[in-house]
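In case you want the letters, here they are:
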Amino acid sequence: MKAILNHPALYQAYQNAGGFFGARIKAIAEYLTLRPGMRVIDIGCGPGYILRHLPDGIDYTGFDIDEAYIAHAQRSFGHLGTFHCRRFDAAAAKEFAGADVVMMNGVLHHVGDDELKTTLADIRDVLKSDGVLFTLDGCYQEGQSRIAKWLLDNDRGEFVRDRSGYDRVLRDIFAKVQLAIRDDYSRVPYTFVIGVSQK
Ligand SMILES: C[S@@+](CC[C@H](N)C(=O)[O-])C[C@H]1O[C@@H](n2cnc3c(N)ncnc32)[C@H](O)[C@@H]1O
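Summarised in this report is the structure supplied together with it. (Residues numbered from 1 in each chain as written. Predicted model: local features only at pLDDT ≥ 70, side-chain atom pairs only at ≥ 80, totals over all residues.)

## Considering the overall build of the protein
Now for step 1: Of regular secondary structure, the protein possesses 7 helices and 8 strands.
Now for step 2: A globule of 199 residues ought to have a C-alpha radius of gyration of about 16 Å, and the protein, at 16 Å, matches this closely.
Now for step 3: With respect to the three principal axes, the spread of C-alpha positions in the protein is 45 × 40 × 30 Å.
Now for step 4: Burial analysis of the protein (199 residues in total) assigns 39% to the buried set.
Now for step 5: Of all intrachain contacts in the protein linking residues separated by at least 6 positions in sequence, the fraction that spans at least 24 positions is 64%. (Helix = DSSP H or I, 4+ residues; strand = E, 2+ residues; numbered from the N terminus. Rg over C-alpha atoms; globule rule 2.2 N^0.38 Å. Buried ≥ 20, exposed ≤ 12 C-beta atoms within 10 Å, placed from the backbone. Contact = placed C-beta atoms within 7 Å.)

## Examining the nonpolar core
Now for step 1: Membership of the largest hydrophobic core comes to 51 residues, with the highest contact counts inside it found for Val 102 and Phe 192.
Now for step 2: Counting residues per element, this core draws most heavily on strand E5 (residues 127–140), which supplies 6 residues.
Now for step 3: In contact with Val 102, other than residues within four places in its own chain, are Ile 41, Ile 43, Ile 123, Val 126, Leu 127 and Leu 133. (Core = buried A, V, L, I, M, F, W, Y, C linked by C-beta atoms within 7 Å.)

## Overview of the site of the ligand
Now for step 1: Around the ligand, 20 residues are found, and the nearest of them are Gly 44, Gly 46, Asp 66, Asn 105 and Gly 106.
Now for step 2: Residues that form the shell around the ligand fall into these classes: 9 nonpolar, 7 polar and 4 charged. (Near = placed C-beta within 6 Å. Nonpolar A, V, L, I, M, F, W, Y, C, P; charged D, E, K, R; others polar.)

## Some remarks on the environment of Asp 59
Now for step 1: Note on placement: Asp 59 falls in strand E2 (residues 59–64).
Now for step 2: A count of 14 C-beta atoms within 10 Å places Asp 59 in the partly exposed class.
Now for step 3: On a C-alpha basis, the gap between Asp 59 and Lys 94 in space is 17 Å, while along the polypeptide they are 35 residues apart.
Now for step 4: With residues up to four places along the chain from it excluded, the contact list for Asp 59 reads Met 38, Arg 39 and Val 40.

## Here we look at helix H7 (residues 163–171)
For an α-helix, the turn length of 3.6 residues means that residues three or four places apart are oriented alike.
Now for step 1: Of the positions making up H7, those classed as buried are Tyr 166, Val 169 and Leu 170. Angular distribution of buried residues about the axis of H7 spans 100°; they occupy a single face of the element.
Now for step 2: In the core, the buried residues of H7 are packed alongside helix H5 (113–126), E5, strand E6 (161–162), strand E7 (176–182) and strand E8 (192–198). (Arc of directions from axis to C-beta.)

## Some details on the pairing of strand E1 (residues 39–43)
Now for step 1: When you tally the buried positions in E1, you get 4 out of 5 residues, the bulk of the element.
Now for step 2: The pairing of E1 with E2 spans 5 bridges and is classified as parallel. Directly across from Asp 42, in E2, lies its bridge partner Gly 62.
Now for step 3: Pairing of E1 with strand E4 (residues 99–105) involves 3 bridges; the strand directions are parallel. Bridging from a neighbouring strand, Val 40 pairs with Val 101 of E4. (Pairing = 2+ DSSP bridges.)

## What to know about the environment of Gln 141
Now for step 1: In this structure, Gln 141 sits in the loop between E5 and helix H6 (146–153).
Now for step 2: With 16 C-beta atoms packed within 10 Å, Gln 141 lands in the partly exposed category.
Now for step 3: Remark: the alpha-carbon pair of Gln 141 and Ser 129, spanning 12 residues in sequence, is separated by 33 Å.
Now for step 4: Those residues in contact with Gln 141 that lie beyond four places of it in its chain are Asp 162, Arg 163, Ile 181 and Thr 191.

## Quick notes on helix H3 (residues 67–77)
Now for step 1: Burial in H3 covers these residues: Tyr 69, Ile 70, His 72, Ala 73 and Phe 77. Axial view of H3: buried residues confined to an arc of 160°, hence all on one face. Residues of H3 that are exposed and angled more than 90 degrees away from the buried face: Glu 67 and Arg 75.
Now for step 2: Packing partners of the buried residues in H3 comprise helix H1 (8–18), E2 and strand E3 (82–85).

In structure tokens, the structure reads:
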């Protein structure tokens, strides 16, 4: 299953079928303000499908370290934004400084605390003073459905946390962190944590 998800179109089909992709669209609509002209950086953009659901007129740049995902994104959505097969690091933060929004959909749970703190510090540097980091991830929660827990236990990401685990790592770098837990977003039982963080 995990190997199958490395294929961009099959990954997206799985996201659609479970309602996990719909969850991203709902969370962005509910927790993030996007306006034409805003500079948006999407770290761990995967095959790039979210770009179809963002407002016209935003200036979108996607980063991912997976070549197949970025090749697919460039082929399918290269007319709507720019994609880089590149790790988002301090050099990228300098090069792309002045972003209004950084989004990380389903990425924090792929990165361990030490590496994540470095990446979050780079994100803090790339954002404007009033810029926003938007994050969405699977989340452990006491009393959650067994299906949700099983999916999280078997996720490709090895660093699924509970709410306090995400809160801790985000607060280490960002002054303002707001987290919301949602278990009503997907077709398949699942617990999401949505984060909105600012300097
Ligand atoms: C679960 S996928 C999420 C893809 C997409 N954002 C979505 O919503 O479906 C996580 C992605 O993060 C990427 N990733 C993990 N660490 C990264 C890093 N340091 N820089 C860029 N991409 C990274 C992986 O290659 C993978 O494509």
